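Summary of structural features
What follows is each chain in one-letter form.
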Amino acid sequence: MASREIEALTGALARLPGLGPRSARRAVLHLMKKREGALVPLLAALQAVEERLATCSTCGNVDTHDPCAICADPRRDARALCVVEEVADLWALDRSRLFPGRFHVLGGRLSALEGVRPEDLAIDGLVTRIEAGGVDEVVLAMNATLEGQTTAHYIAERLERFPVRLTQLAHGLPVGGELDYLDEGTLAQALRARRPVA
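Before going into details, it helps to say that this report is about the structure given with it. All of these numbers come straight from a predicted model, not from anything done at the bench. One numbering rule holds for all chains: residues counted from 1, following each sequence as written. Per-residue local features of the predicted model are confined to residues with pLDDT of at least 70, and side-chain atom pairs are confined, for both listing and counting, to 80 or more; whole-chain, interface and lining totals are unaffected and use all residues. Where side-chain values are given, they derive from all heavy atoms of the structure, hydrogens and water being excluded.

**Section: the nonpolar core**
Note the threshold: Among buried residues, the Ala, Val, Leu, Ile, Met, Phe, Trp, Tyr and Cys ones that are joined through side-chain atoms within 4.5 Å form a nonpolar core. The classification of residues rests on relative accessible area computed with a 1.4 Å probe and restricted to protein chains. Under 20% of the type maximum is buried, over 50% is exposed, and intermediate values are partly exposed. Every helix listed is a DSSP run of H or I at least four residues long, and every strand listed is a run of E at least two residues long, numbered separately from the N terminus. Here a residue-residue contact requires only that any non-hydrogen atoms of the pair lie within 4.5 Å.
Val83, Leu126, Ile130, Val138, Ile155 and Leu159 are the most contacted members of the largest nonpolar core, which has 18 residues in total. Of all the secondary structure elements, the ones that give two or more residues to this core are β3 (77–84), α6 (123–131), β5 (137–141) and α7 (146–159). Of the residues forming this core, the biggest block, 4 residues, is contributed by α6. The residues touching leucine 126, leaving out its near neighbours within four places in the chain, are Leu81, Val83, His104, Ile155 and Leu159.

**Regarding the environment of glutamate 50**
Among the structural elements, glutamate 50 can be located in helix α3 (residues 35–52). Along the primary structure glutamate 50 and threonine 64 are separated by 14 residues, whereas in three dimensions their C-alpha atoms are 8.8 Å apart.

**Notes on the side chain of arginine 76**
Rules: Under the rule applied, a polar contact is a pair of N or O atoms within 3.5 Å (in protein, one hydrogen donor and one hydrogen acceptor; residues adjacent in sequence only if both atoms are side-chain atoms).
The topology assignment puts arginine 76 in the loop between α4 (69–72) and β3. Looking at arginine 76, the relative accessible area reads 14%, which means it is buried. Of the polar contacts made by the side chain of arginine 76, one reaches the backbone oxygen of glycine 101; its length is 2.9 Å. Beyond its immediate sequence surroundings of up to four residues, arginine 76 is in contact with Ile70, Asp94, Phe99, Pro100, Gly101, Arg102 and Phe103.

This is the structure:
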């Protein structure tokens, strides 16, 4: 049996996504074994983030500055705006380095079952950003779920009065995917989004 403090640390780590009780115990053992090389730097990094953690007032990203590094970057194309459901989606798209523009985080998606309404999301903030001008294209990067597509449709309706080009991420066959293993919804979307062979 470990002390209360070590059990508390294990329990805290076990609540993180992707870590269960066993993985958390292994992580705690590693941190205790490598105290100077792993535990001390981890504690310092956690404390620094905790002291400076901020939500970007422009886009909703989480960073240690407001505005965040993406919104403050003058190399970003302010004319292109990508709308995502969550910060994790923003980070995934930004990690690809394929989108040169800015982002807007909704903070979720519309869901009648979960009681999430338009006013619960940062949709009004998005409309305000579009009203301010300077945006030519809005990319709706919602997840390919019923709620994600409902959210995209609602946003498209809210933005239809503005002279912006609305686009949506393509859905369909994954790279390296085999037709035999794909579900009917993915195959249907791939067939609907087919394009000429170049």
